[in-house]
Amino acid sequence: MKRVLPAMLFVVLLFGIIVVPVLAKSDSLGPPDIAQKIFIHRAKPDNPGKGKPGGEEGFYKLLGAKWKSFPVHMEVNPANPSGLGETFVLTTIGTAAEEWDDGAYSGWGGVPVDLFDNTITITIKGYDDLAWTSDKLDGKNTIVWGNYPTSGVIAVTIVWYNTKTKTILEFDMVLDTDYAWGDSTTMASVMDLQNIVTHELGHGAGLDDLYQDPAYQETMYGYSDLGEIVKRNLYTGDKAGITKLYD
Ligand SMILES: [Zn+2]
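Residues numbered from 1 in each chain as written. Predicted model: local features only at pLDDT ≥ 70, side-chain atom pairs only at ≥ 80, totals over all residues. Heavy atoms only, no water.

1. Some remarks on the pairing of strand E1 (residues 34-43)
Point 1. In this sheet, strand E5 (residues 153-162) lies alongside E1 in antiparallel orientation, the contact comprising nine bridges. Note on E5: the bridge partner recorded for Phe 39 is Thr 157.
Point 2. Direction of pairing for E1 relative to strand E9 (residues 223-224): parallel, over a ladder of two bridges. Across the sheet, the residue bridging to Arg 42 is Tyr 223, located in E9. (Pairing = 2+ DSSP bridges. Helix = DSSP H or I, 4+ residues; strand = E, 2+ residues; numbered from the N terminus.)

What follows is the structure in structure tokens.
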């Protein structure tokens, strides 16, 4: 009996240490675990990577979540203070999306899945309707112009994902009205819409920013500036990253 009692105590102790916390954890699961990541794209006139030779190693960084059902549909509010027409806005955003999907701009071939829906819906939603907080999640991937309250910001993309299933749930995007927007191949001193949206849609697809100087040719490089169009066509790491996610 003297030996059985300590053994029983040991078993009770083990129950307390291992089983009770597990039960408590499963009781507190509650609603699905969702997380938000906000990507803020800033202007950097003295881009440290510009003009630097080579060093390209196919850089990419994954967010840690991706889409599991396709195609991913987007809605756009084409109203903008730069006076860009609705057709230009929708066509340009469509080309940016399809560069990731099937290489519509550069002809690189794309990924096997039909990543982005070729049809884009028009919405009248604005800045405040975006999913800045979880109560604004509506399952729609929305792109609007708006004024993010920090100077030097070009665009912001909000990505929501399930931390357990690693699935992206929604992304919303703001194109900052601090800048004049347009087509840098034909207009002077504008933020190139296709250039920036291609970068931001990389976040929407599950790619993170790159800030190391040698990655300056990548679409996912974290800085841009007026007149830049280098992000329109995917580079080595961008293609490797999106293929890693959707092959
Ligand atoms: Zn970014």
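2. As for the side chain of Asp 172
Point 1. Within the element layout of this structure, Asp 172 appears in strand E6 (residues 167-176).
Point 2. Put simply, Asp 172 is tucked away with no salt bridge, and the nearest opposite charge, on Lys 125, sits 6.5 Å away.
Point 3. A polar contact is formed between the side chain of Asp 172 and the backbone nitrogen of Ala 131, at a distance of 2.8 Å.
Point 4. Looking at Asp 172, its side chain comes within polar contact range of the main-chain nitrogen of Thr 142, at 3.0 Å.
Point 5. Residues contacting Asp 172, with those up to four places away along its chain left out, are Leu 130, Ala 131, Lys 140, Asn 141, Thr 142, Val 156, Thr 157 and Ile 158. (Buried < 20%, exposed > 50% of the residue type's maximum accessible area, 1.4 Å probe, protein only. Lys, Arg positive; Asp, Glu negative; His and termini not counted. Salt bridge = Lys/Arg side-chain N within 4 Å of Asp/Glu carboxyl O. Polar contact = N/O pair within 3.5 Å; in protein donor to acceptor, adjacent residues only side chain to side chain. Contact = heavy atoms within 4.5 Å.)

3. So, the pattern of salt bridges
Point 1. If you walk through the whole model with that rule in mind, you get eight salt bridges.
Point 2. When the shortest N-O distance is used, the salt bridge between Asp 33 and Lys 164 registers 3.2 Å. One end of the pair, Asp 33, is in the loop between helix H1 (4-27) and E1; the other, Lys 164, is in the loop between E5 and E6, and 131 residues separate them in sequence.
Point 3. For Asp 183, the salt bridge is made with Arg 232, and the minimal N-O distance between the two is 2.9 Å. One end of the pair, Asp 183, is in the loop between strand E7 (181-182) and strand E8 (191-192); the other, Arg 232, is in the loop between E9 and helix H4 (236-246), with 49 residues separating them in the sequence.
Point 4. Taking the relative accessible area as the measure of exposure, Arg 232 reaches 6% and is therefore buried.
Point 5. Three or more residues joined by partner-sharing salt bridges are found here, namely Lys 37, Lys 61 and Asp 208.

4. Points about the coordination of the zinc ion
Point 1. At the metal site, the zinc ion is ligated by His 199 (NE2), His 203 (NE2) and Asp 209 (OD), and these contacts range over 2.0 to 2.1 Å.
Point 2. Here the donor residues for the zinc ion map to a single chain with the spacing H-x3-H-x5-D. (Donors = N, O, S within 2.8 Å, 3.2 Å for Na, K, Ca; no water.)

5. A look at the side chain of Glu 200
Point 1. Turning to its location among the elements, Glu 200 is positioned in helix H3 (residues 193-205).
Point 2. The buried charged residue Glu 200 lacks any salt bridge, with Lys 231 as its nearest oppositely charged partner at 8.8 Å.
Point 3. Apart from the residues lying within four places of it in its own chain, the contact partners of Glu 200 are Phe 39, His 41, Ala 155, Val 156, Thr 157 and Met 173.

6. Digging into the confidence of the model for the protein
Point 1. With 83% of its residues at a pLDDT of 70 or more, the protein shows a mean pLDDT of 89.
Point 2. Confidence drops under a pLDDT of 50 for residues 12-30, and excluding neighbours within four residues, the segment shows four contacts in the predicted structure. (pLDDT = per-residue confidence, 0-100.)

7. Let's talk about H3
For an α-helix the count is 3.6 residues per turn, leaving residues at separations of three or four pointing the same way.
Point 1. The first and last C-alpha atoms of H3 sit 18 Å apart over 13 residues, in line with the 18 Å expected at 1.5 Å per residue.
Point 2. Counting buried residues in H3 gives 13 out of 13 residues, a clear majority hidden from the surface.
Point 3. In the stretch just after H3, Gly 206 is the one whose phi turns positive, near 120°. (Expected span 1.5 Å × (residues − 1).)

8. Remarks on unusual backbone geometry
Point 1. In this structure, Pro 71 follows Phe 70 across a cis peptide bond, with omega equal to -5°.
Point 2. Phi is positive for Lys 166, close to 60°, though the residue is something other than glycine.
Point 3. Inspection of the secondary structure puts Lys 166 in the loop between E5 and E6.
Point 4. Unlike most non-glycine residues, Ser 189 shows phi in positive territory, near 55°.

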